[in-house]
Amino acid sequence: MREYEEFNFERRRGIPPVLWPFFAPDPDRYYRWRVQLDCACIKELLTPGDCIPPSERQWRGVGDGGALPPGQVYCRHGDSADGPYRDIVEWGDRQEGSFPAGPVEPPEWAGAEVWAVIRHDEVHTSAFWKVTLACGHVEEVVAPALDWKPDDGPRLAEATRVKQMIEEFEQVWDSDPMLQSENQREHTRRMLAAGWPRPRPERSCHTCPHARAIVAYQCVGWLIPRNEAPKPENPPPARAVLERRLRRVEAEAERLRVQLAGHEARRDA
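Residues numbered from 1 in each chain as written. Predicted model: local features only at pLDDT ≥ 70, side-chain atom pairs only at ≥ 80, totals over all residues. Heavy atoms only, no water.

(A) Region of the structure containing helix H5 (residues 182–193). Between its terminal C-alpha atoms H5 stretches 16 Å, which fits the 16 Å expected from 12 residues at 1.5 Å a residue. Contacts from the buried residues of H5 go to strand E4 (85–99), helix H4 (159–175) and strand E7 (202–204). The positive-phi residue at the C-terminal boundary of H5 is Gly 195, with phi of around 95°. (Helix = DSSP H or I, 4+ residues; strand = E, 2+ residues; numbered from the N terminus. Expected span 1.5 Å × (residues − 1). Contact = heavy atoms within 4.5 Å.)

What follows is the structure, encoded as structure tokens:
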């Protein structure tokens, strides 16, 4: 209850009160579930009501990653495994962002040769698109130009430039085998073989390593326990019903008296 109230307090600060019932409802509407994930973790989830189980609902990932496929919950573990590369199956919303020029010295994750290719030496603005991957998760990709649209298709590099890039990447990999993981290296090779398309037709999914399926769930109860209404007592039978029962009972009593009298007569005889 305390966690929900703290969360709801922050959530309500950003929306007008008239919208609270829709986006930040009172806690008495929520039902508690205990779920087990396929990674063996146990979590507790809240749903608006107790009709639809958590395994049939959609839960959000971290940040603005969007809703996960039904029955999946984000459960981050300590490992830092690379996300698998997935094909882009749908393009969504677009937004722009401005960035300063990159530093002259390359960062730790890039060698001097690679940094010389990807570094921006001036302030620049880029367009970002939300994309849905084949796994159902949402990621973000950078467009090759501000005026680019998905219907334009990817832009390819010149064949001579691709050949030069292949040689450069092979030299970098030979000099620093740890620069990229095997997964990243295979992706780079696929993109080079495809002509270095921009944007890429596939994207590393950062959600897949931490999206876990609900394999079991258990009802816990309402977040605010509800008092069960007392069941109404059965109303007394109608007078006609009672009279019929009385006649049946009297008739049965009379029959028993006759039988008893017969027993007494035979005994006296």
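(B) Molecular detail of the sheet that holds E7. A sheet is described by the order of its strands in space; here four strands give the open sequence E6-E5-E4-E7, paired in antiparallel fashion. Edge positions in the sheet fall to strand E6 (138–142) and E7, since each has one partner strand and no second. Within the sheet, the average angular offset between the axes of one strand and its neighbour, ignoring direction, is 45°. The pairing of strand E5 (residues 124–133) with E6 spans five bridges and is classified as antiparallel. Across the sheet, Phe 128 pairs through a bridge with Val 142, a residue of E6. Packing against the sheet, H5 makes contact with E4 and E7, and its axis sits at approximately 90° to E4. (Pairing = 2+ DSSP bridges. Axes fitted to C-alpha atoms, helices over the stretch in contact; angles between N-to-C directions.)

(C) Seen up close, the sheet that holds strand E3 (residues 72–74). Strand order in the open sheet made by the four strands is E2-E1-E8-E3, with antiparallel pairing throughout. The strands lining the two open edges of the sheet, one partner per strand, are strand E2 (42–48) and E3. Taken pair by pair, the neighbouring strands of this sheet meet at an average axis angle of 55°, ignoring direction. Pairing between strand E1 (residues 30–37) and E2: seven bridges, direction antiparallel. Counterpart to Arg 34 in the pairing with E2 is Glu 44.

Coordinates in, geometry out; function isn't part of it.
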